[in-house]
Amino acid sequence: MSDGESMLSQAADAVEEASNHKILDVLARAGFAVMALLHIIVGAIAVAIAFGQPGQADATGAIEQLAANPWGPLVMWACVAACFGLALWQASEATLRMRGKPRKERVAKLISSGFLAIAYGSVGLSFAGFAVGMRGDSRDSTRDFSAALMDHPLGLWVLVAVGLTTIGIGAYFVVKGITRGFKKEELFRFNGTRRGRIIDSLGAVGHVAKGVALGLTGLLFIIAAAKHRPDESTGLDGSLKALRDHPLGPYLLVAIGAGFIAYGIFALIRARFGRM
């Protein structure tokens with residue numbers, strides 16, 4: 001190994017050691033807790049919508065609920081730090097901690113954890129926006145995104161690809177919930193106990209409900225592309241509200257809302273006891 005390669009390796013070792021610091025672990029767990037709380041609030045909003053109450057059943061609507069209190073700005077900045085800490089932890093999972101692993105494992109982890117790092121960072125930016133008074137509407141943002149794509153020659157196909165990808169992620173969550181694939185990699189502390197069976201049930205129901213909601217969201221992207229109508233691409237909030245107009249819609253909304261709440265409770269437990 002040359003001197004240059006040796007120095008790079010030593011630098012990477014130092015950065016990896018820093019990524020294992022207790023502070024980042026605490027921030028990452030706090031980030032998981034914040035994401036869990038968002039799922040619980042989204043679930044509660046979905047149930048309220050099923051009974052005819054107003055609300056925005058997505059991350060933006062949940063953040064707005066958290067911001068609507070005297071401690072709102074302080075809560076927002078604390079959530080910013082937690083989400084960015086979780087994003088940084090996921091980024092280290094995708095890169096530094098995979099050194100020495102087979103190429104196939106490195107690529108798979110780079111895709112999965114890299115995607116999560118971007119997603120958590122985006123949520124952190126949403127919290128920051130609320131903290132400084134810049135409150136957006138996710139439905140409008142999704143419509144604008146879809147409209148911008150449709151203005152380009154290949155935009156329709158990109159929108160279909162986004163929809164299919166979202167459906168694929170939803171299917172992944174459904175399969176993960178049904179097979180309880182989350183146990184080995186996320187939470188195994190309570191295996192073989194009554195408490196563990198309850199936690200497993202919460203995780204299974206929550207993963208399936210989240211997967212169904214993501215599938216509906218992806219379907220709206222594809223419908224918007226097929227009809228050349230970006231206004232029909234309305235994200236999670238729009239996909240859940242679209243259910244309300246169907247005969248069984250309110251029942252499905254309650255079921256999905258309850259599933260999101262179950263997922264949030266499971267994620268809170270994962271934030272405290274899960275493997276990091």
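Residues numbered from 1 in each chain as written. Predicted model: local features only at pLDDT ≥ 70, side-chain atom pairs only at ≥ 80, totals over all residues. Heavy atoms only, no water.

Quick look at the overall build of the chain
Here's step 1: Along the backbone of the chain there are eleven helices and zero strands.
Here's step 2: Ordering the α and β elements of the chain from the N terminus gives α-α-α-α-α-α-α-α-α-α-α.
Here's step 3: Expressed as a percentage of its 276 residues, the buried residues of the chain come to 42%.
Here's step 4: Taking contacts inside the chain between residues at least 6 apart in sequence as the whole, the part at least 24 apart equals 75%. (Helix = DSSP H or I, 4+ residues; strand = E, 2+ residues; numbered from the N terminus. Buried < 20%, exposed > 50% of the residue type's maximum accessible area, 1.4 Å probe, protein only. Contact = heavy atoms within 4.5 Å.)

Observations regarding the environment of Ser126
Here's step 1: Its location among the elements puts Ser126 in helix α5 (residues 103–131).
Here's step 2: Judged by its relative accessible area of 32%, Ser126 falls in the partly exposed class.
Here's step 3: Ser126 sits 47 residues away from Cys79 along the chain, and the two C-alpha atoms are 9.9 Å apart.

Focus on the pattern of salt bridges
Here's step 1: By the definition in use, this model includes one salt bridge.
Here's step 2: The salt bridge partner of Arg29 is Asp25, with a shortest N-O separation of 3.3 Å. Of this pair, Arg29 and Asp25 are both found in helix α2 (residues 22–50), four residues apart, which corresponds to roughly one turn of the helix. (Salt bridge = Lys/Arg side-chain N within 4 Å of Asp/Glu carboxyl O.)

Some words on the packing of α2 against helix α4 (residues 72–94)
Here's step 1: It is the contact of α2 with α4, at a shortest axis distance of 7 Å, that shows an interaxial angle of 115°. Put simply, α2 runs roughly perpendicular to α4. The handedness of the crossing between α2 and α4 is left-handed. On the side of α2, the interface is formed by Leu24, Leu27, Ala28, Ala30, Gly31, Phe32, Val34 and Met35, while α4 contributes Cys79, Ala81, Ala82, Cys83, Gly85, Leu86, Leu88, Trp89 and Gln90.
Here's step 2: Tallied by class, residues from the contact of α2 with α4 come to 14 nonpolar, three polar and no charged. (Axes fitted to C-alpha atoms, helices over the stretch in contact; angles between N-to-C directions. Parallel < 35°, antiparallel > 145°, perpendicular 65-115°, else oblique. Left-handed = near helix turned anticlockwise from the far one by under 90°. Nonpolar A, V, L, I, M, F, W, Y, C, P; charged D, E, K, R; others polar.)

A few points about the environment of Leu116
Here's step 1: Take Leu116: it is sitting in helix α5.
Here's step 2: Residue classification places Leu116 among the partly exposed positions, given a relative accessible area of 30%.
Here's step 3: On a C-alpha basis, the gap between Leu116 and Trp89 in space is 10.0 Å, while along the polypeptide they are 27 residues apart.

Quick notes on the nonpolar core
Here's step 1: Counting residues in each nonpolar core, the largest one holds 38 residues, and the members touching the most others are Leu38, Met76, Leu86, Phe127 and Leu240.
Here's step 2: Broken down by secondary-structure element, the contributors of at least two residues to this core are α2, α3 (59–67), α4, α5, α10 (235–243) and α11 (249–273).
Here's step 3: Broken down by element, this core gets its largest block of residues, twelve residues, from α2.
Here's step 4: Aside from chain neighbours lying at most four places away, what touches Leu86 is Leu27, Ala28, Gly31, Phe32, Met35 and Tyr120. (Core = buried A, V, L, I, M, F, W, Y, C linked by side-chain atoms within 4.5 Å.)

Section: a nonpolar patch on the surface
Here's step 1: A cluster of nonpolar side chains, Trp77, Val132 and Met134, forms an exposed patch at the surface whose accessible area comes to about 350 Å².
Here's step 2: You can see Trp77 is positioned in helix α4. (Patch = residues over 30% accessible without salt bridge, like charges linked within 9 Å, V, L, I, M, F, W, Y side chains within 5 Å. Areas by Shrake-Rupley, 256 points an atom, 1.4 Å probe, with all protein chains shown as cover.)

Considerations on the packing of aromatic side chains
Here's step 1: Taken as a whole and judged by the stated rule, the model has four aromatic pairs.
Here's step 2: Ring geometry for Phe32 versus Trp89: centroids 6.0 Å apart, planes at 75°, classification edge-to-face. With Phe32 in helix α2 and Trp89 in helix α4, this pair connects stretches of sequence that are 57 residues apart.
Here's step 3: The exposure class of Trp89 is buried, given its relative accessible area of 5%.
Here's step 4: Arranged with centres 5.9 Å apart and planes meeting at 85°, the rings of Tyr172 and Phe173 form a pair that is edge-to-face.
Here's step 5: These aromatic residues form a ring-pair network of at least three members: Phe32, Trp89 and Tyr120. (Phe/Tyr/Trp six-rings, centres within 6.5 Å; stacked < 30°, edge-to-face > 60°.)

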